[in-house]
Amino acid sequence: MPDSTESELSSGSQDARERRPAGDDSILTVDGLDKTFGSLVAIDDLDLEVREGEVHGLIGPNGAGKTTLINLITGELKPTSGSVRFDGEELTGLSPSTIAKRGVGRSFQVVQFFPEMTVREHLHLALRDPTTTVTSILHGDSDHEDRISEIADVVHLEEQLGTVAKNLSYGEQRYLEIGLVLALDADLILFDEPAAGLNSAETEDLRQIIDDLRGDYTILIIEHNIDLVRRLVDRISVLHGGSLLATGAPDEIVENERVKEVYLGE
Ligand SMILES: Nc1ncnc2c1ncn2[C@@H]1O[C@H](COP(=O)(O)OP(=O)(O)OP(=O)(O)O)[C@@H](O)[C@H]1O
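Residues numbered from 1 in each chain as written. Predicted model: local features only at pLDDT ≥ 70, side-chain atom pairs only at ≥ 80, totals over all residues. Heavy atoms only, no water.

J.: Residue-level account of the pattern of salt bridges, with values.
T.: Taken as a whole and assessed by the stated rule, the structure comprises 16 salt bridges. One salt bridge connects Glu 54 with Arg 235, and the closest N-O pair in it is separated by 2.9 Å. One end of the pair, Glu 54, is in the loop between strand S2 (40–51) and strand S3 (55–59); the other, Arg 235, is in strand S9 (residues 235–240), with 181 residues separating them in the sequence. For the pair formed by Glu 54 and Arg 235, the shared burial category is buried. (Salt bridge = Lys/Arg side-chain N within 4 Å of Asp/Glu carboxyl O. Helix = DSSP H or I, 4+ residues; strand = E, 2+ residues; numbered from the N terminus. Buried < 20%, exposed > 50% of the residue type's maximum accessible area, 1.4 Å probe, protein only.)

J.: Talk me through the domain arrangement of the chain; I want residue IDs and the actual numbers.
T.: With domains assigned, the chain is organised as domain 1 (23–103 + 186–265) and domain 2 (111–184). Here the C-alpha centre of domain 2 lies 26 Å away from the C-alpha centre of domain 1. Taken together, the contact between domain 1 and domain 2 spans 17 residues of the former and 13 residues of the latter. Summed over both sides, the interface between domain 1 and domain 2 buries roughly 1,200 Å², with carbon and sulfur atoms accounting for 64% of that surface. Of all residues in domain 1, Ala 186, Glu 202 and Ile 209 bury the most surface against domain 2, accounting for 33% of the area lost on that side. (Domains from an automatic or database assignment. Contact = heavy atoms within 4.5 Å. Buried area = accessible area lost by both parts, 1.4 Å probe.)

J.: Run through a negative patch on the surface, naming residues and quoting values.
T.: Taken together, the side chains of Asp 31, Asp 44, Asp 45, Asp 47, Glu 49 and Glu 90 make up a negatively charged region of the molecular surface. Position of Asp 45 relative to the elements: it lies in strand S2. (Patch = residues over 30% accessible without salt bridge, like charges linked within 9 Å, V, L, I, M, F, W, Y side chains within 5 Å. Areas by Shrake-Rupley, 256 points an atom, 1.4 Å probe, with all protein chains shown as cover. Lys, Arg positive; Asp, Glu negative; His and termini not counted. Charge placed at Lys NZ, Arg CZ, Asp CG, Glu CD.)

J.: Report on the sheet that holds strand S7 (residues 188–192), specifying residues and quantitative values.
T.: In space, the 6 strands of this open sheet follow the order S6-S7-S8-S3-S9-S10, with mixed pairing throughout. Of all the strands in the sheet, the pair left with one neighbour each is strand S6 (104–106) and strand S10 (243–248). Going across the sheet, the axis of each strand differs from the next one's by a mean of 20 degrees, ignoring polarity. Across 4 bridges, the pairing between S3 and strand S8 (residues 218–222) is parallel. Bridge pairing links Gly 57 to Ile 221 in S8. Strands S6 and S7 of the sheet are contacted by helix H7 (residues 170–183), whose axis makes an angle of about 155 degrees with S7. (Pairing = 2+ DSSP bridges. Axes fitted to C-alpha atoms, helices over the stretch in contact; angles between N-to-C directions.)

J.: Give me the lowdown on helix H2 (residues 66–74), citing residues and values where you can.
T.: Across the 9 residues that make up H2, a large majority, 8, are buried. Listed as buried for H2 are Lys 66, Thr 68, Leu 69, Ile 70, Asn 71, Leu 72, Ile 73 and Thr 74.

J.: How would you sum up the site of the ligand? Please name residues and give values.
T.: Close to the ligand lie 14 residues; Gly 63, Gly 65, Lys 66, Thr 67 and Thr 68 are nearest. In the model, an oxygen atom of the ligand is placed 3.1 Å from a nitrogen or oxygen of the Ala 64 main chain. Backbone polar atom of Gly 65 to an oxygen atom of the ligand: 2.9 Å apart, as the coordinates give it. Relative to its unbound accessible area of 640 Å², the ligand is 61% covered by the protein chains. Among the secondary structure elements, those contributing two or more residues to the shell around the ligand are S2 and H2. Considering every element that reaches the shell around the ligand, the biggest residue donor is H2, with 3 residues. The class makeup of the residues in the shell around the ligand is 5 nonpolar, 7 polar and 2 charged. (Near = heavy atom within 4 Å. Polar contact = N/O pair within 3.5 Å; in protein donor to acceptor, adjacent residues only side chain to side chain. Nonpolar A, V, L, I, M, F, W, Y, C, P; charged D, E, K, R; others polar.)

J.: Account for the sheet that holds S2, with residues named and values stated.
T.: What the 4 strands build is an open sheet, ordered S2-S1-S4-S5; its pairing is antiparallel. Each end of this open sheet is capped by a strand with a single partner; those strands are S2 and strand S5 (89–90). Note that strand S1 (residues 26–37) and strand S4 (residues 81–86) share 5 bridges and pair antiparallel. The partner of Thr 29 across the bridge, within S4, is Arg 85. Contacts between H2 and the sheet are confined to S1, S2 and S4, with S1 contributing the most and set at about 115 degrees to the helix.

What follows is the structure, encoded as structure tokens:
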């Protein structure tokens, strides 16, 4: 995908998504990736492929390297060696903002907002273009009202558009975070434990939200809730000690003896 301004990227990404059905083609290719922190090997000669249009689960024990991998994909960390390619282009060495502009969006384990700003204002800010002023955001003078409504609908926050972030429930804050990722109009979305801290009703709500994104985005999701993963994803990769232990369909993975041994505890 060529580098472009945010607004060009928005329309370009949308068109690109519409052209791309889910298939066997890899959109994200991790090849011989290594990351060490001093003497600690966090990612160890990792190969991994995410196919275009799929929902791909990333599981593994604590410390397996899942968040480190996400940070290497998004450019927050630089690999010690190896390569990450997205849509055929090398990401390694690019800055996080350039990688985001190439169409890679992410959520974080810890949600952070402006407590006094409403859901609409947050989305407006995320959709902003260089001509947007603070006054226009506060007055709701937005060219983006349709997109804001669309995103709020997708993340089940249409009733909360006028609610300030500090008055949202924890679950609603997590949905807003997903909305902010959608506003960046990424092609690949990386979710880092989106269900952490959610109760069972909220987790089901989250499952529906992510399920509704299926087909429009490629999704890589780190999640410890194995029931949620099984219901949501097309394929699972299991990390262990920074390496790939197994990749396959959910039913294959839960029956895999090595995976049971190191992660599922059976
Ligand atoms: N910035 C850092 N400096 C030093 N060590 C780090 C750093 N980030 C991660 N690590 C170490 O790298 C290893 C992998 O950590 P990582 O957070 O990627 O695991 P994880 O699979 O996401 O674990 P969890 O499921 O607990 O979130 C761990 O041993 C961790 O302590």
